[in-house]
Amino acid sequence: MMRVSSYRDTLEQLARSESVPQSHLAALIAMPTREVLEYAAGLAREVAEQHFGHKVYLRGLLEVSNVCAAGCYYCGLRAENRALGRYTLTTEEILESCEEGYGLGLRSFVLQGGQRADYREPIAKVAREFKSRLSDAALTLSLGEQSGECYEEWRKAGADRYLLRHESANEWHYGRLHPESMSYQNRLGCLKRLSELGYQCGAGFMVGTPEQTALHLAEELEFLAQLRPQMVGIGPFIPHSSTPFGQMPQGSVEQTLLMISLVRLVLPKALIPSTTALATASGNGTQQGVLAGANVVMPNVTPKRYRAGYEIYNGKKSFGTEAVEGLEHLAELLGRVGYEASLERGDHPDFVVK
Ligand code: 5AD
């Protein structure tokens, strides 16, 4: 008779890059018990420590505009949400916010915003100016799907990294989360193009989106093992009342933590943020994420008057330890669980920076 493999065997196999049947992973993911969560987190922390010690890299997150042409069913910024007041920061507001964060010691910034077709020139200008003013800081963009030419122009203008979550590794499930005008194939094409252009790339997915199964989450691991992005963003799905998914239940914090740990085992050197969504869903989510194997936190540096406008899900945290004004407190919270908030650029260990 075949031995039923224990959760420890399964997790250790994953950590050794051995192939693990998806059904075994799905069984763990479906019902993450305390033992499984703790064992996976312990292994994940060990792996992270080998490459990063106890450092957690800080990135200043700037939400440059909530104008979006896309219609993702889960997101409050979707074009069809007419109840949302829209804003766009000026070039000078963007640069000043980054300079303010730089003054506090931050050396890595993420400009995130809705997907818009008229952003090519404005962002190229911001990137050039950013690099001339803050030449030793890393610039990450997260502005959705764009043309290859646009990505190329932004890269030449100085952008170092790009975050574009794939949202679901399963093509059918991707289709359940997005309108017909969007496609899984185009998404993957964008990620491929970004990587060819020399960006450090971030992929990622939500946990607990409608119709997502444990098997889908197990598929994420195989997908990521093949794609090998430098960064992976993972957070629980949180409903937004003005979207088609407004009445759907929130994703599980435990399942999110387990996925962070499993992704850490699959991609030991990845930069994995402990996300705002996790912090919104759980009071001490930031620390829990780090203890599960995450090694990045992204405090909000958006001017305060705009923050409420970037409501991708209801109740999104954007003040206190989620923001730049709470930097000291964030460092203290990380310190209490044995981690050190790092102000370094925090590139992927395999990336040679010019
Ligand atoms: N709940 C959680 N995460 C969300 N995102 C968008 N909408 C939601 C939501 N309702 C995530 C998506 C997107 C990232 C910027 O935020 O994964 O890529």
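What counts, and where the lines are drawn
- Residues numbered from 1 in each chain as written.
- Predicted model: local features only at pLDDT ≥ 70, side-chain atom pairs only at ≥ 80, totals over all residues.
- Heavy atoms only, no water.
- Phe/Tyr/Trp six-rings, centres within 6.5 Å; stacked < 30°, edge-to-face > 60°.
- Helix = DSSP H or I, 4+ residues; strand = E, 2+ residues; numbered from the N terminus.
- Buried < 20%, exposed > 50% of the residue type's maximum accessible area, 1.4 Å probe, protein only.
- Lys NZ or Arg CZ within 6 Å of the ring centre and 35° of its normal.
- Pairing = 2+ DSSP bridges.
- Axes fitted to C-alpha atoms, helices over the stretch in contact; angles between N-to-C directions.
- Contact = heavy atoms within 4.5 Å.

Caption draft 1: Structural context of the packing of aromatic side chains. Using the criterion set out here, one finds 11 aromatic pairs in the structure. Look at Tyr 162 and Tyr 199: their rings are 5.8 Å apart centre to centre, the planes differ by 80 degrees, and that puts the pair in the edge-to-face class. Of this pair, Tyr 162 sits in strand β5 (residues 161-163) while Tyr 199 sits in the loop between α8 (184-196) and β6 (200-207); the two residues are 37 residues apart in sequence, bridging distant segments of the chain. Across this residue pair, the class does not change: Tyr 162 and Tyr 199 are buried. Taken together, the aromatic side chains of Tyr 151, Trp 154, Tyr 162 and Tyr 199 make up a single cluster linked through ring pairs. One residue, Arg 107, lies across the ring of Tyr 102, its end atom 3.4 Å from the ring centre. Over the face of the ring belonging to Tyr 199 we find Arg 155, whose NZ or CZ atom lies 5.7 Å from the ring centre.

Caption draft 2: Representation of the sheet that holds strand β8 (residues 296-297). Read from one edge to the other, the open sheet built from three strands follows the order β8-β1-β9, with strand pairing classed as parallel. The open sheet is flanked by β8 and β9 (340-342), the only strands paired with a single partner. By the bridge criterion, two bridges tie strand β1 (residues 55-58) to β8 in an arrangement that is parallel. Opposite Tyr 57, over in β8, you have Val 296 as the bridge partner.

Caption draft 3: Region of interest: the sheet that holds strand β2 (residues 60-65). Taken in spatial order, the six strands line up as β2-β3-β4-β5-β6-β7 in an open sheet, and their pairing is parallel. This sheet does not close on itself; its edge strands, each paired only once, are β2 and β7 (231-236). Each strand of the sheet is rotated relative to its neighbour by a mean of 20 degrees, with strand direction disregarded. With six bridges connecting them, β6 and β7 associate as parallel partners. Bridging across to β7, Val 207 finds its partner in Pro 236. α8 contacts β5 and β6 of the sheet and is inclined by roughly 150 degrees relative to β6.

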